[in-house]
Amino acid sequence: MDLSPAFNFRDVLRAPARALSAKQILVMTLFLMIGLAIYDLFTYMAYAIDGESLSLVFSTYGFFPFDQFAFGSKWAQAIYVAGAMLGVLSIMTGFLGVAAINIEAVRGNRFFSARQAIRFAFRRLPQIFLSELAIVLFVAFIILLFFLLGLVSRVPWVGEWVYVLLFALPNFVIALFSIFILLVFSTTILLLPSAAAADRQGETFNAILETFSTILLQPFRWAGYTLYALVAAKVFGFVFAYFAFRAVEFMTWAASLGGGERLIRLVKSGLAHLPMESDLVREMFNIFPGVSFGVDLRAYVGYLSSAAVSYLMAFMLFLVFASIIGYMLAIVAAGQARGYVALRYIKDDYNIAEEESLFFKEEPVNEKVDETDLVEPSQHTE
């Protein structure tokens with residue numbers, strides 16, 4: 001049973017436990033994999049435009065081309081940036097789905113399924129996309145105005161005077177406001193999905209307004225909630241990763257009692273297809289960066305095999321890795337959603353828990369029938 005929100009830090013404190021549910025991990029992992037697929041597609045398109053050999057690049061990076069970001073062609077750079085942005089948008093959509101599960105739980109709907117969350121996230125995807133696009137276009141409009149002012153400054157004799165006279169007012173104020181918008185824009189990746197999930201109408205302006213008002217009116221509380229969620233995601237994600245490692249180890253050992261050493265070699269060959277040397281994998285199985293406490297998976301990597309079953313095993317192991325990251329991101333999303341409910345109550349005195357669910361209505365209960373109504377009319381007379 002979901003407890004009533006306390007509208008303070010205690011709501012966010014329980015985020016790791018709330019995120020440890022199959023449906024939240026499933027939703028977040030699904031959109032994480034979609035984001036990775038989009039990023040890979042656009043990255044390899046950028047390599048192709050740059051004239052690189054795709055077979056050579058794939059043999060080097062595989063499905064995780066995270067180490068190379070320099071492209072010679074402007075078109076290749078644009079394609080890569082577009083893929084990275086779409087990948088981030090997919091992660092935000094996963095945040096939206098997890099936030100919707102938590103928001104519905106706050107409203108009393110504990111039966112909101114993963115399928116409903118995924119469908120809701122796809123339906124609200126235009127809302128978060130248009131919200132981000134609106135902020136980007138606004139900043140681009142400000143840049144265009146400064147660009148036009150720069151053109152005016154080229155006018156002989158007069159141009160530089162116009163630039164100097166407008167430097168403090170209003171140009172400095174506009175620039176200061178633009179920097180604030182850019183700062184908030186960087187936080188929308190985390191907070192905007194929760195604001196969109198709690199919005200009953202799905203309006204773009206409402207999501208932007210609630211995101212900016214939360215950051216503007218409650219910056220320190222939001223920063224504290226977010227910092228805790230990020231640290232908790234790393235700590236509890238490490239615990240989850242350790243148990244996942246031991247589960248795979250136990251399953252492989254138990255199966256090898258009947259299937260022999262070839263099953264152990266199969267798992268090790270599957271690990272050989274994954275980027276075990278990457279910083280991401282190393283930090284997933286280490287409690288904190290710089291603190292040597294964890295599991296070194298490189299000791300378990302076997303010989304690389306070109307057999308199809310080895311690639312399939314690599315994919316299955318990748319699903320395990322993805323679920324670990326999915327749980328970590330689900331903690332962040334759950335913390336943002338629960339924190340947003342608390343901050344909405346603190347700043348607006350508005351209780352989201354009193355709202356009706358968007359997806360569930362209680363069955364109508366018949367009114368109590370008076371016993372006298374069950375007596376036949378003839379029994380009322382002598």
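Conventions adopted
Residues numbered from 1 in each chain as written. Predicted model: local features only at pLDDT ≥ 70, side-chain atom pairs only at ≥ 80, totals over all residues. Heavy atoms only, no water. Helix = DSSP H or I, 4+ residues; strand = E, 2+ residues; numbered from the N terminus. Rg over C-alpha atoms; globule rule 2.2 N^0.38 Å. Buried < 20%, exposed > 50% of the residue type's maximum accessible area, 1.4 Å probe, protein only. Contact = heavy atoms within 4.5 Å. Areas by Shrake-Rupley, 256 points an atom, 1.4 Å probe, with all protein chains shown as cover. Lys, Arg positive; Asp, Glu negative; His and termini not counted. Charge placed at Lys NZ, Arg CZ, Asp CG, Glu CD. Axes fitted to C-alpha atoms, helices over the stretch in contact; angles between N-to-C directions. Parallel < 35°, antiparallel > 145°, perpendicular 65-115°, else oblique. Left-handed = near helix turned anticlockwise from the far one by under 90°. Nonpolar A, V, L, I, M, F, W, Y, C, P; charged D, E, K, R; others polar. Phe/Tyr/Trp six-rings, centres within 6.5 Å; stacked < 30°, edge-to-face > 60°. Pairing = 2+ DSSP bridges. Polar contact = N/O pair within 3.5 Å; in protein donor to acceptor, adjacent residues only side chain to side chain. Core = buried A, V, L, I, M, F, W, Y, C linked by side-chain atoms within 4.5 Å. Salt bridge = Lys/Arg side-chain N within 4 Å of Asp/Glu carboxyl O.

Looking now at the overall build of the chain. A count of helices and strands for the chain gives 13 helices and 2 strands. Computed over its C-alpha atoms, the radius of gyration of the chain comes to 27 Å, more than 25% above the 21 Å expected for a compact globule of 382 residues. On the principal axes, the C-alpha backbone points of the chain span a range of 110 × 80 × 35 Å. Taking all 382 residues of the chain together, 41% fall into the buried category. Pairs at least 24 apart in sequence give 81% of the contacts found in the chain among residues at least 6 apart. Accessible area for the chain stands at about 22,100 Å²; split by element, carbon and sulfur atoms hold 69% of it. A gap of 8 Å separates the mean positions of the 26 positive and 31 negative side-chain charges of the chain.

This paragraph deals with the packing of helix 5 (residues 74-106) against helix 13 (residues 308-348). Each packed pair of helices is defined by two parameters, the angle between the axes and the distance between the axes. It is the contact of helix 5 with helix 13, at a shortest axis distance of 8 Å, that shows an interaxial angle of 50 degrees. As summarised for this structure, helix 5 and helix 13 are arranged oblique, according to the angle between their axes. The two elements helix 5 and helix 13 cross, and the hand of that crossing is right-handed. Contact with helix 5, carried on its side by I91, F95, V98, A99, N102, I103, A105 and V106, involves L329, A330, A333, A334, A337, R338 and V341 of helix 13 and no other residues of that element. A class-by-class count of the residues in the contact of helix 5 with helix 13 yields 13 nonpolar, 1 polar and 1 charged.

Glancing now at the packing of aromatic side chains. Enumeration according to the criterion identifies 17 aromatic pairs in this entry. Here the aromatic rings of Y39 and Y80 are separated by 5.7 Å at their centres, their planes lie at 70 degrees, and the arrangement is edge-to-face. Placement of Y39 in helix 3 (residues 22-49) and of Y80 in helix 5 is noted, with a sequence separation of 41 residues between them. Accessibility assignment for this pair places Y39 and Y80 in one class, buried. Both rings, one in F285 and one in F321, keep their centres 5.8 Å apart while their planes meet at 80 degrees; by these two values the pair is edge-to-face. In this pair, F285 sits in the loop between helix 12 (279-284) and strand 1 (286-288) while F321 sits in helix 13, placing the two residues 36 residues apart along the sequence. Judged on exposure class, the residue F285 and its partner F321 are both buried.

Turning our eyes to something else, we now look at the pairing of strand 2 (residues 291-294). Summarising the sheet, strand 1 and strand 2 pair through 2 bridges and their orientation is antiparallel. Across the sheet, residue N286 finds its bridge partner in strand 2, namely G294. With antiparallel pairing between neighbouring strands as the criterion, strand 1 and strand 2 make up a hairpin whose turn holds 2 residues, including G290 at a positive phi of roughly 90 degrees.

This part is about the side chain of R107. With respect to the helices, strands and loops of the structure, R107 is situated in the loop between helix 5 and helix 6 (114-152). Side chain to side chain, R107 and E104 meet in a polar contact 2.9 Å long. Leave out the neighbours within four places in its chain, and R107 touches A197, A198, R200, I352, A353, E355, E356, S357 and L358.

The next thing to look at is the nonpolar core. In terms of nonpolar packing, the biggest core is built from 81 residues, with V27, L274, F285, L297, F321 and I324 touching the most fellow members. Looking at this core element by element, the count peaks at 19 residues for helix 13. Ignoring any residue separated from it by four or fewer positions in sequence, one finds I324 in contact with G237, F240, A241, A244, M284 and F285. Within the second largest apolar cluster, 10 residues are counted, among which are Y39, Y44, A46 and I79.

For side chains bearing opposite charge, pairing can occur when the charged atoms are close. Enumeration over the complete set of coordinates arrives at 11 salt bridges. For R200, the salt bridge is made with E355, and the minimal N-O distance between the two is 3.5 Å. Within this pair, whereas R200 is found in the loop between helix 8 (167-198) and helix 9 (204-217), its partner E355 is found in the segment after helix 13, the two being separated by 155 residues in sequence. Given a relative accessible area of 30%, R200 falls into the partly exposed group. Residue classification places E355 among the buried residues on the basis of a relative accessible area of 11%. In this structure, D348 and K347 form a salt bridge, with 2.6 Å as the shortest nitrogen-oxygen distance. Several salt bridges share partner residues, and in doing so they unite E104, R107, R200 and E355 into one network.

Purely geometric stuff here, so don't read any function into it on its own.
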